[in-house]
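Notes for the structure review
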Amino acid sequence: MTSFDSSPQLSAWRALLALAVVFVMLATTGWTAVRHHKDDASPLAASLSAWQSGHISGRALPDPGAPAGRLAHFFASLDAHQRTRLATRYPLAVGNMNGAPVELRYRANRIALEQARKIEQQRMHDKRLSPIGQQEAERRMKRFGVMMRPDRHVLSFDPMGSGRIAEVFGDLDRASRVSVVVPGVDTNLLTFERTNRKYSAPVGMAKSLYRAERSASPRARTAVIAWADYTAPIGLGVDAATSMRADEGAIRLNSLVRGLPGHSPVALYCHSYGSVVCGVAARQLPSRVSDIAVAGSPGMRADTAAQLGTGARIWATRDGDDWIQDVPNMEVGGLGHGADPVSRDFGARVLSARGAIGHTGYFEPGTESLRNFADIGTGSYRSVRCASGDDACRKEFPGTTVA
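The text that follows walks through the structure, step by step, so that each part is easy to find. Values in this document were obtained by computation on a predicted structure and should not be read as measured data. Throughout, a residue's number is its position along its own chain's written sequence, starting from 1. Residue-level local features of this predicted model are given only where pLDDT is at least 70; pairs of side-chain atoms are given and counted only at 80 or more, and the full residue set underlies all totals for whole chains, interfaces and linings. With hydrogens and water set aside, each side-chain value is computed from the structure's full complement of heavy atoms.

1. As for the sheet that holds strand S6 (residues 222-228)
Following DSSP output, two strands are said to pair if at least two bridges run between them. To qualify as a helix, a DSSP run of H or I must reach at least 4 residues; to qualify as a strand, a run of E must reach at least 2; elements of each kind are numbered from the N terminus. Strand order in the open sheet made by the 8 strands is S3-S4-S6-S5-S7-S8-S9-S10, with mixed pairing throughout. Strands with a single pairing partner mark the edges of an open sheet, and in this sheet they are strand S3 (154-158) and strand S10 (349-350). One ladder, built from 5 bridges, connects strand S5 (residues 177-182) with strand S7 (residues 266-271); its direction is parallel. Within the sheet, the bridge partner assigned to Val178 lies in S7 and is Val266.

2. Quick notes on the pairing of S5
Sheet faces and side chains relate simply in a regular strand, where the side chains alternate between the two faces. Any residue under 20% of the maximum accessible area for its type is buried, any over 50% is exposed, and the rest in between are partly exposed; the area is computed with a 1.4 Å probe on protein chains only. In terms of residue burial, S5 counts as a mostly covered element, since 6 of its 6 residues are buried. Of the two faces of S5, the one holding Arg177, Ser179 and Val181 and the one holding Val178, Val180 and Val182 are both buried throughout. Here S5 pairs with S6 via 5 bridges, running parallel. Considered in S6, the bridge of Ser179 is made with Val224.

3. Some remarks on helix H2 (residues 43-52)
Taken as a whole, H2 has its buried residues at Leu44, Ser47 and Trp51. Buried residues of H2, seen end-on, are gathered within an arc of 65 degrees and therefore sit on one face of the element. Contacts: residue pairs with any heavy atoms within 4.5 Å of one another. If you follow the buried residues of H2, they end up packed against helix H3 (68-76), helix H4 (80-89), helix H5 (91-95), S3 and strand S4 (164-170). It is the directions from the helix axis to the C-beta atoms whose arc is reported.

4. Describing the state of the cysteines
Disulfides are defined in this document as cysteine sulfur pairs within 2.5 Å. Applying the stated criterion across every chain, the model contains 2 disulfides. Across a sulfur-sulfur distance of 2.1 Å, Cys270 and Cys278 are joined as a disulfide pair. For the disulfide bridge between Cys270 and Cys278, the dihedral angle about the S-S bond is near -90 degrees, and by the sign convention the bridge is left-handed. Just as Cys270 is buried, Cys278 falls in that class too. A sulfur-sulfur distance of 2.1 Å marks the disulfide that ties Cys386 to Cys393. In this structure the cystine formed by Cys386 and Cys393 twists about its S-S bond by roughly -85 degrees; its chirality is therefore left-handed. Looking at the protein chain, its bonded cysteines, counted consecutively from the start of the sequence, adopt the pairing 1-2, 3-4.

5. A word on the side chain of Ser243
The residue Ser243 is located in the loop between helix H9 (238-241) and helix H10 (244-259) in this model. Contacts of Ser243, omitting those with residues within four sequence positions, involve Tyr273, Arg301 and His337.

6. Points about the environment of Ser275
Inspection of the secondary structure assignment puts Ser275 in helix H11 (residues 273-281). On a C-alpha basis, the gap between Ser275 and His337 in space is 9.7 Å, while along the polypeptide they are 62 residues apart.

7. Examining unusual backbone geometry
Trans is the prevailing form of peptide bonds, just as negative phi is the prevailing case for residues other than glycine. Even without being glycine, Ser57 reaches a positive phi, approximately 55 degrees. Structurally, Ser57 is set in the loop between strand S1 (55-56) and strand S2 (59-60). Even without being a glycine, Ser272 presents a positive backbone phi close to 55 degrees. Relative to the helices and strands, Ser272 is located in the loop between S7 and H11.

8. Things to note about the side chain of Asp319
Within the fold, Asp319 resides in the loop between strand S9 (313-317) and S10. Here Asp319 occupies a buried position and makes no salt bridge, while the nearest side chain of opposite charge, Arg318, is found at 7.4 Å. Under this definition, polar contacts are N or O atom pairs within 3.5 Å; protein pairs additionally need one hydrogen-donor-capable and one acceptor-capable atom, and for neighbouring residues in sequence, both atoms have to be side-chain atoms. Among the polar contacts listed, one links the side chain of Asp319 to the backbone nitrogen of Asp322, at a separation of 3.0 Å. Dropping the residues within four chain positions of it, Asp319 is found in contact with Gln325, Ala353, Ala356, Ile357, Gly358 and Tyr362. Just so you know, the count uses Lys and Arg for positive and Asp and Glu for negative, and it drops His and the chain ends. The salt bridge criterion pairs a side-chain nitrogen of Lys or Arg with a carboxyl oxygen of Asp or Glu, the two atoms within 4 Å.

This is a description of form; function is not addressed.
Written out as structure tokens, the structure reads:
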């Protein structure tokens, strides 16, 4: 009988088992799943379908899936009254349309949020729902009410299921640099913003980064997007251990970046499973993406930074007590996300995360991770602080000195 005690196959299966055990342990120690609210039809799909058969002043409307540049040209050909009519008739379609004017998308999404809020208000009193279902409807209704305030700038919104949403901080049309925060597991409409542990939620992360960028470079015209416009895994189950959600998210992230106004550089900040999304997206992202920074990453579906196939600078950071370091960095049969981005062999520029605590502390004010993110977002590369204590992560930036 052949012995497999030291065979590569047995080693792989042992690693796979270790990965599964870690995910089970983590899933039972603090991660909670968000219950889905399911409808028979997607409101966004219905709005897009109506758009496809619609007209404006006798003109057929363009394919909503057309390239952003073509859609931008169409909207530019309309007057203000015509654009407003389209936003009112097809709010979800216009509010999610890359290429539509940013301010028009904000207006359309306020209309869509109000419509969704009224639906949830009715569901609160629907006797066919369980008490838990009615409570969830109330939470969604309140969240939609908050998000439709005039001072909120919602760039995309889809109420279907657990929901997708993106919000802008700053003037996106005039920004000379744009930052996009890509969050990880358990991100949805109800966890998009938190009162407690606010810097662990996309809105808190993005607002913290926006303030830090303005502090780092007061004259810089920056904008930050809290981007939760993909269906993130729920809990640390199979979805979180594979790239299935990241594959779909990468397509949406690529569409977002290609649809942004202007030509300003874009930096991506990818937290936890969000770094898997960014890793999958990297090869297809346009050249305006200058930087991809990952924090608390389980891997980017690549063995090295070079394998990501992008000209963007790759940055990585992890604090000393982040539990993600206990997840085996491997990929076997589609399970796992590959090499550790902070390892020497991966080849990323490794940043200091001093002051950050745990898996969700990277955007906390006062941390070196946040300060480094702000320096990247404002193009102040010579000011970043490296994890190694020397200037290794600042190589190729002239005039750097040891921090």
